[in-house]
Amino acid sequence: MDNKPPSATIEAAHHEHLSTLPFDDTRDFEDADRGFIAARQPCVITAADGRVVWDNDAYDFLSGDAPTSVHPSLWRQSALVAKQGLYEVVEGIYQVRGFDLSNITFVEGDTGIIVIDPLVSTETAAAALALYREHRGDRAVVAVIYTHSHVDHFGGVLGVTTQADVDAGKVAVLAPEGFLEHAVQENVYAGTAMARRAGYMYGAVLERGAKGQVGCGLGQTPSTGEVAIIVPTVDIRETGETHTLDGVEIEFQMAPGTEAPAEMHFYFPRYRALCMAENATHNLHNLLTLRGALVRDPHGWAGYLTEAIDTFVDRADVVFASHHWPTWGRERIVEFLSLQRDLYSYLHDQTLRQLNQGFTGIEIAEDFVMPPALERAWHAHGYYGSVSHNVKAVYQRYMGWFDGNPARLWPHPPEAIGPRYVAAIGGVDRVVEIAQSAFDEGDFRWAATLLDHVIFTDENHAGARQLYADTLEQLAYGSETATWRNFFLAGATELRDGNFGTPTQTSSTSMASQLSPEQMFDVLAISVNGPRAWDLDLAIDITFLDAATNYRLTLRNGVLVYRKVPADAATAQATLNLASKLRLLTLAAGDSTSAGLEITGDATVLESLVGALDKPDPGFNIVTP
């Protein structure tokens, strides 16, 4: 990695941040260290085959003063998030932090423990449970709670329990209504594209260091071990619903459509402790993640925070979440939750106010200023989600991609508009010359825009690639938002070293097995190459023998439609009898062997169906054509 030193522009901004940000407020460091019991030494976790799936020690460089290659506010956040070990939240509630992107929490009941959010991977969750048991005793897991439907809050479930124990009724699994549907959909429908971009967002291939990846603001990075899922045995459906697990009463608050489509908060009267899932953490979160997702609703998000304040705060001595460190004491809890609420409300309301005055998303974001109270609150800073891209997300939620200007209704795509700009300016070398001047003057945004056009004109121009990579590095060094930093540095890496693809792909039979037949057919439908299938007219019955159910698939006009109906050999061109629904996925992947498959009728129909399917590309280009 050919890292350039920070420019004079970045160094000047760095020193300005040091003089204007409230570095004298050290309460977060006191809170992050409070209740510390023990750390794992070394904090390196491996899979059964010896592969490292988590290495928190790689962040040991995060000490002392911030180097000029890292925004000092982000350096501070990364140093806080890198703290690892077992911590007491209150007597009876313990967290292991720094073992994955998220926290895992252990709540002690009368005989065993309730596990909240078992991390991303089996291996990291098992290591966290082992550290807890080493210091608190070998207590059995009696329940698991998934706070919401993102993988860093359920993927490590097999590290704390087994499917057999859940099936036997020894362990309950609780989740908000809609959890399973959203959990599997997010990893399937746009999963390939999201995973490719997640490699940028989390800086998966970047070196850990002061000129590389320093974390992602919410945590350091996701672990890369085994990902699994166990279907919930209890769906939480209503605010005010209570359940008692191993003698511990839990009062739930539904919060759908906030940080995740299915999410909930809950309160433990025994411990006077409130869990806010991922809706109140020590940073500004994403309204639209850079990896891609549906735009979240900041208005509803803020409303649920208000409801939590009104419902629980007078009874709470501590609030904790699925990331970062807790907050103790009623006065500070009110301040924390209220500012978090105001953060999302202000973004929503002020964006709407300005869009109704005719400003576009990019215009609103450019000059958007947060209130002084939020600027002074470290936990309102954009380490994971930025004010800039969140404002654009609010605009997109209400107004869509089009800003109303007819000149922008039908623009050329990058590969067409790049050469036109370059020719108009005077050719590739002239554009690179202008970009170099912009770089030298510290106008890195303009330099990046120019060089983007050059690369989409001549992607092999060595001088342009080098200058573009240098430009993205400078943008990274000046970014307070970790995900922006990682995107800039990942782009620089690919410009220098070539496409790194999707470096942290995980295959999970456990996840795939939870897809419903309908979701599996949806996977097929979005894989159909429409133009290649225009002339096909197929009618196929697919019978799942294990479930004794049949679906009729038709493929016409490049559209795959499915219905759950009885098989009808008289109208089907072919009938496929599959041993299980998972056999459908292997069939779509091109495995047409006879294992688990019987075909009656016209066997060539199956060839036509499979031949119409495209495989997703986990290595599509991002910074180059």
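Bear in mind that the values here come from a model prediction, so they are computed numbers and not experimental data.

The rules behind each value
Residues numbered from 1 in each chain as written. Predicted model: local features only at pLDDT ≥ 70, side-chain atom pairs only at ≥ 80, totals over all residues. Heavy atoms only, no water. Axes fitted to C-alpha atoms, helices over the stretch in contact; angles between N-to-C directions. Helix = DSSP H or I, 4+ residues; strand = E, 2+ residues; numbered from the N terminus. Parallel < 35°, antiparallel > 145°, perpendicular 65-115°, else oblique. Left-handed = near helix turned anticlockwise from the far one by under 90°. Contact = heavy atoms within 4.5 Å. Expected span 1.5 Å × (residues − 1). Buried < 20%, exposed > 50% of the residue type's maximum accessible area, 1.4 Å probe, protein only. Polar contact = N/O pair within 3.5 Å; in protein donor to acceptor, adjacent residues only side chain to side chain. Domains from an automatic or database assignment. Buried area = accessible area lost by both parts, 1.4 Å probe. Patch = residues over 30% accessible without salt bridge, like charges linked within 9 Å, V, L, I, M, F, W, Y side chains within 5 Å. Areas by Shrake-Rupley, 256 points an atom, 1.4 Å probe, with all protein chains shown as cover. Salt bridge = Lys/Arg side-chain N within 4 Å of Asp/Glu carboxyl O. Pairing = 2+ DSSP bridges. UniProt positions renumbered as here; feature names shortened; annotations may be inferred. Core = buried A, V, L, I, M, F, W, Y, C linked by side-chain atoms within 4.5 Å.

What follows deals with the packing of helix α8 (residues 298–312) against helix α9 (residues 330–355). Where α8 meets α9, the closest approach of the two axes is 8 Å, and the angle between their N-to-C directions is 160°. With respect to α9, the element α8 is oriented roughly antiparallel. α9 is crossed by α8, and the crossing has left-handed handedness. Taken together, the residues of α9 that come into contact with α8 (itself represented by P298, H299, W301, A302, L305, T306 and I309) are L337, S338, Q340, R341, Y344, S345 and H348.

Between its first and last C-alpha atoms α8 spans 21 Å; for 15 residues at 1.5 Å apiece the expected length is 21 Å, and the two agree. When α8 is considered as a whole, its buried residues turn out to be P298, G300, W301, A302, L305, A308, I309 and F312. At its buried positions, α8 is contacted by β12 (248–254), β13 (264–268), β14 (273–275), α9 and α12 (387–399). The residue sitting at the N-terminus of α8 and contributing the capping side-chain oxygen is D297; that oxygen lies 3.1 Å from the backbone nitrogen of H299.

For the rest of this paragraph, the subject is the domain arrangement of the protein. Partitioning the protein into structural domains gives domain 1 (27–337) and domain 2 (515–612). Summarising the inter-unit geometry, the C-alpha centres of domain 1 and domain 2 are found 39 Å apart. Facing the five residues of domain 1 at the interface are five residues of domain 2. Between domain 1 and domain 2, a total of about 420 Å² is buried, with carbon and sulfur atoms accounting for 67% of that surface.

Turning to helix α3 (residues 72–81), a few remarks are in order. Of all 10 residues in α3, 10 are buried; the element is thus mostly enclosed. What α3 keeps buried is the set P72, S73, L74, W75, R76, Q77, S78, A79, L80 and V81. Packing partners of the buried residues in α3 comprise α1 (8–20), α2 (27–33) and α17 (482–497).

Here we take up a nonpolar patch on the surface. On the surface, a nonpolar cluster with roughly 510 Å² of combined accessible area is contributed by W401, L409 and W410. Here W410 is to be found in the loop between α12 and α13 (414–425). The class for W410 is exposed, based on a relative accessible area of 81%.

The next thing to look at is the sheet that holds strand β11 (residues 242–245). In spatial order, the strands read β11-β12-β13-β14-β15-β16; together these six strands make up an open sheet with mixed pairing. Every interior strand has two partners, whereas the edge strands, β11 and β16 (327–328), have only one. Where β14 meets strand β15 (residues 318–320), three bridges bridge the pair, whose relative direction is parallel. Paired with C275 across the strands is F320, a residue of β15. Where α8 meets the sheet, it contacts β12, β13 and β14, and its direction lies at approximately 145° from that of β12.

Moving on: the UniProt feature "domain: Metallo-beta-lactamase" (unreviewed entry) in the protein. The UniProt entry lists residues 101–323 under the feature "domain: Metallo-beta-lactamase" (unreviewed entry), expressed in the numbering used here. The distance from the first to the last C-alpha atom of residues 101–323 is 8 Å, and the span holds 24% helix and 21% strand.

With 63 residues, the main nonpolar core has F99, F106, V144, Y146 and I542 as its most contacted residues. Here the element with the most residues in this core is helix α4 (residues 122–136); it accounts for six residues. Residues V319, L352, F368 and A393 belong to the second largest nonpolar core, which totals 37 residues.

Right, let's get into the side chain of D470. Assignment of secondary structure puts D470 in helix α16 (residues 462–477). A relative accessible area of 9% means that D470 is categorised as buried. In terms of polar contacts, D470 uses its side chain to reach the side chain of R496, at 2.5 Å. Setting aside chain neighbours within four positions, we find D470 in contact with K4, F439 and R496.

Moving on: the pairing of strand β5 (residues 93–97). Counted residue by residue, β5 has five buried out of five residues, so it is predominantly covered. Because side chains alternate across β5, one face comprises the buried residues I93, Q95 and R97, and the other comprises Y94 and V96, equally buried. Where strand β4 (residues 85–90) and β5 come together, five bridges link them in antiparallel fashion. Of the residues in β5, the one forming a bridge with Y87 is Q95. Counting the residues in the hairpin turn of β4 and β5 gives two residues, including G92, whose phi is positive at 110°. Taken together, the four bridges between β5 and strand β6 (residues 104–108) define a ladder with antiparallel strand orientation. Of the residues in β6, the one forming a bridge with Q95 is T105.

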